[in-house]
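# Structural overview
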Amino acid sequence: MRVSRWRRIVWVGVSAIAVPLVVLLGAYSGIYNVAASVGHQTWFNWLLRLGMTRSVTFHSSGEAPPVDLGDLHRIRLGAAHYESRCASCHGTPGSSVNPVFAQMLPSPPGLVQRVPEWQADELFWIVRHGLKYTGMPAWSGGDRPDEIWSVVAFLQALPGLQEQEYEALAAGNNDADADAPSATELVEQGAQTLARGACDRCHDEPNAVPISDLVPILAGQSAEYLARALYEYRDGERASGIMQPIAAELQDGQIQDLANYYSVAKAPIQLTSLTPPRDGSAAADATGVTPGSVSDLAYYGNRQARVLPCIACHGQNSRPDYPKLGGQNAAYLGQQLRLWQKGGRDQTAWGEVMGTVAKHLTEQQITSLAEWFAAQGSSREASQ
Amino acid sequence: MKRWQSCILLFSALLLTACDGDQSMFRPAGSEADKVVFLYWTMVIGFAFVFFLVMGLVLIAFAGPSQWRVWLQSEKQIIGLGLVFPVIVLSGLLVWGYLLLGSSSLANGKPDLKIRVEGAQWWWRVTYLLEDGARVETANEVRIPVGKLIELELVSADVLHSFWVPAWTGKMDMIPGHTNILRFVVDTPGTVKGQCAEYCGGAHAFMSLYGVAIDEQTFESWLEAESAPAVPLSQHPGRQVYLSTGCGACHQVRGQIGPGGSGPDLTHVGSRLSLGAGILPNDTEAFERWMARHPFIKPGNRMPAFGFLSDLERRQLARYLDALE
């Protein structure tokens, strides 16, 4: 009895040392073949997949998708981003996965077939955080859940798309004048690395409107502001998983060229700056009479609610590094204001000012101000 | 000098710090402030007497002759000195204090000048409510004519503040949603300082103001200048910076750039005594310093940093503001 107890203790001790030693020796010996061409054992592959799917389900719970997830503007923006960053590995309707990436291990799943296996919140989690040891990167643009939901919106639409439908979504409106010089051509003269159509894919040619309301109109915007935005994306001061990777490839000269190019381009909707009131007597009344309409809010603010007048900075006499807002897409304006409210855009000296302003706005005010500004642009056809 | 001697010297010096200068109740410039000082000294002397009386009795209780101690122990003395005496002294003081400060001759009658002072984090909005209904807004500075009955309407834009210009009158709280009335007359001309006397958040200590009492004629001409719109300076490069940067969103330059309203009115800012609510002098260099470093000069203040302004723009802006007289 005594002997057998001692024997047991010795056995446990030896195993505790021997098992890790064998594993260590196994790794050191190099016997296990890490070649992507060979693949894993079927049982090991099954184990890895089980761990991965369970982990995604476990960690992704609690991300509620936005109510308007199926909105076409989201899908379009997601499609354009998918085409530029995801399609080469994950394939598109009508084209299979690029043979080079297909040789990765694990090989990237063709998403047309595989997306339905995941819930929206699981897709969101994968796009946001990436997957260890698979080659799937985490989202590159800081905290921008709105952009990630656009990708998810597109992914959910993807399995039902025909080849032509996908092309129409991912290639933008493409109703541009063929003779007009494209931003891409302009940039490609200097940078071979910039992917073809990097700007046009979302913003479209300057003489068309962007493919999605979530994408800002660039044509007619002030050159100083456009350059500032690109510098901020490039230097990591403004978060966007869509714009940062694009801006990262730009050099100073190209940023200036692009900014100048778009600032003088003629858009179907002309961005405008509104005339600020000369004297604030209407709102500066010490009794604090609350102006009612959206335009009063934009021109005079609301002192009691600490809402500042938008036009004081975004007016005709404003600094060229402040953007023109009249005619800009409402969904884009609203999205940016919400970003500011969450502290997502106050990393720069300019953003800090706007962050102070945005935190006093209500959701209702954000929506109505964004729509009001969007309606202030002048249509080029109408003015001619 | 021995350590205990220097300690006492240091402590006495500390006691004296509040006794002089332009922010002291010991330099009363008007009848209300006189009363505060009178009440103060009455209490100090009276309670010094009470203090020594109590200490004397304590001494008797411990080390006095046995007859005195027996006398002190009697129920009569305990009721008389321990109950009746404090009740009479404290009640008398309360009633007298109320009569002295409350039943002022200033409480009745029409004031000669009405001014609304609004405390806000962390500055003072000063609005002259003129008889013809006109309103003249300035900030961080209350100018009044000597010998006139002044009525301040004290209000708050956000949290509790307290208006206290010790040389003029006692302090009074500014309460959100409520108007407190403070009336006083100042007889001695001169510039004195005030301070928010109720903790109101981070920059509370940097919420000062100036009180300026001047003769009536000077006051009238000042008020006339103050109610006029700003000098145009339409070609001033600093004006362009002011306009294009959007300073007008918070700071009005009356008749020219607005709407303003949430920050101090800057129509005649160049002619004021201080910047940042009494914490910097008022000159071009101080304006420039404020613009470049105000988050450090007055931490937590509500103005964004505007860190993108160039040195040249800040200098132009400073010159423009200083020229707004």
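Only a predicted model underlies this, so the values are computations on that prediction, with no experimental measurement involved. (Residues numbered from 1 in each chain as written. Chains lettered and ligands numbered in written order. Predicted model: local features only at pLDDT ≥ 70, side-chain atom pairs only at ≥ 80, totals over all residues. Heavy atoms only, no water.)

### With respect to the overall build of chain B
Counting its secondary structure elements, chain B contains eight helices and twelve strands. Since a compact globule built from 325 residues should have a radius of gyration of about 20 Å, the 26 Å found for chain B marks it as more spread out than a globular shape. Projected onto its principal axes, the C-alpha positions of chain B cover 95 × 55 × 35 Å. A total of 325 residues make up chain B; the buried ones form 46% of that total. In chain B, once contacts between residues fewer than 6 apart in sequence are set aside, the share between residues at least 24 apart is 62%. Of the roughly 16500 Å² of accessible surface on chain B, a fraction of 64% belongs to carbon and sulfur atoms. (Helix = DSSP H or I, 4+ residues; strand = E, 2+ residues; numbered from the N terminus. Rg over C-alpha atoms; globule rule 2.2 N^0.38 Å. Buried < 20%, exposed > 50% of the residue type's maximum accessible area, 1.4 Å probe, protein only. Contact = heavy atoms within 4.5 Å. Areas by Shrake-Rupley, 256 points an atom, 1.4 Å probe, with all protein chains shown as cover.)

### A short note on the packing of helix 7 (residues 284-297) of chain B against helix 8 (residues 311-323) of chain B
A pair of packed helices can be characterised by two numbers: the angle between their axes and the separation between those axes. Residues and elements named next belong to chain B. Running from amino to carboxyl end, helix 7 crosses helix 8 at an angle of 130 degrees, the nearest separation of the two axes being 8 Å. In terms of their interaxial angle, helix 7 and helix 8 are classed as oblique. As helix 7 packs across helix 8, the resulting crossing turns out to be right-handed. On the side of helix 7, the interface is formed by Thr284, Phe287, Glu288, Met291 and Ala292, while helix 8 contributes Arg314, Arg315, Leu317, Ala318, Arg319, Leu321 and Asp322. (Axes fitted to C-alpha atoms, helices over the stretch in contact; angles between N-to-C directions. Parallel < 35°, antiparallel > 145°, perpendicular 65-115°, else oblique. Left-handed = near helix turned anticlockwise from the far one by under 90°.)

### Comments concerning helix 7 of chain B
Residue and element names in this part refer to chain B. An ideal rise of 1.5 Å per residue puts 20 Å on 14 residues; helix 7 reaches only 16 Å between its terminal C-alpha atoms. Ala286, Phe287, Trp290, Met291, His294 and Ile297 are the residues of helix 7 that are buried. Those residues of helix 7 that are buried are in contact with strand 11 (274-275), strand 12 (280-281) and helix 8. (Expected span 1.5 Å × (residues − 1).)

### A few points about the sheet that holds strand 9 (residues 190-196) of chain B
All names here are of chain B. If you trace the five strands from one edge of the open sheet to the other, you get 4-10-9-6-7, paired in mixed fashion. Only two strands of the sheet have a single neighbouring strand rather than two, namely strand 4 (141-145) and strand 7 (172-174). The sheet shows a mean angle of 25 degrees between the axes of neighbouring strands, taken without regard to direction. When strand 4 meets strand 10 (residues 208-214), the two strands line up parallel, connected through five bridges. Residue pairing for strand 10: Ile144 is matched across the bridge by Ala213. (Pairing = 2+ DSSP bridges.)

### Some details on the interface of chain B and chain A
Contacts between the two partners involve 30 residues from chain B, matched on the other side by 27 residues from chain A. Counting the surface lost from both chain B and chain A, the interface buries some 2200 Å², and carbon and sulfur atoms represent 54% of this. Three residues stand out in chain B for area buried against chain A, namely Ser244(B), Pro259(B) and Phe308(B), and they jointly supply 27% of the buried area on that side. Linking chain B with chain A are three salt bridges, by the criterion used here. Arg319(A) is the partner of Glu313(B) in a salt bridge, and the nearest nitrogen-oxygen pair spans 3.3 Å. Remark: the boundary between chain B and chain A carries six residue pairs in polar contact (both at pLDDT 80 or more). Listed by contribution, the elements that provide at least two residues to the side of chain B that touches chain A are strand 1 (113-120) and helix 6 (237-245) of chain B. Among the elements that make up the side of chain B that touches chain A, the one with the highest residue count is helix 6 of chain B (four residues). (Buried area = accessible area lost by both parts, 1.4 Å probe. Salt bridge = Lys/Arg side-chain N within 4 Å of Asp/Glu carboxyl O. Polar contact = N/O pair within 3.5 Å; in protein donor to acceptor, adjacent residues only side chain to side chain.)

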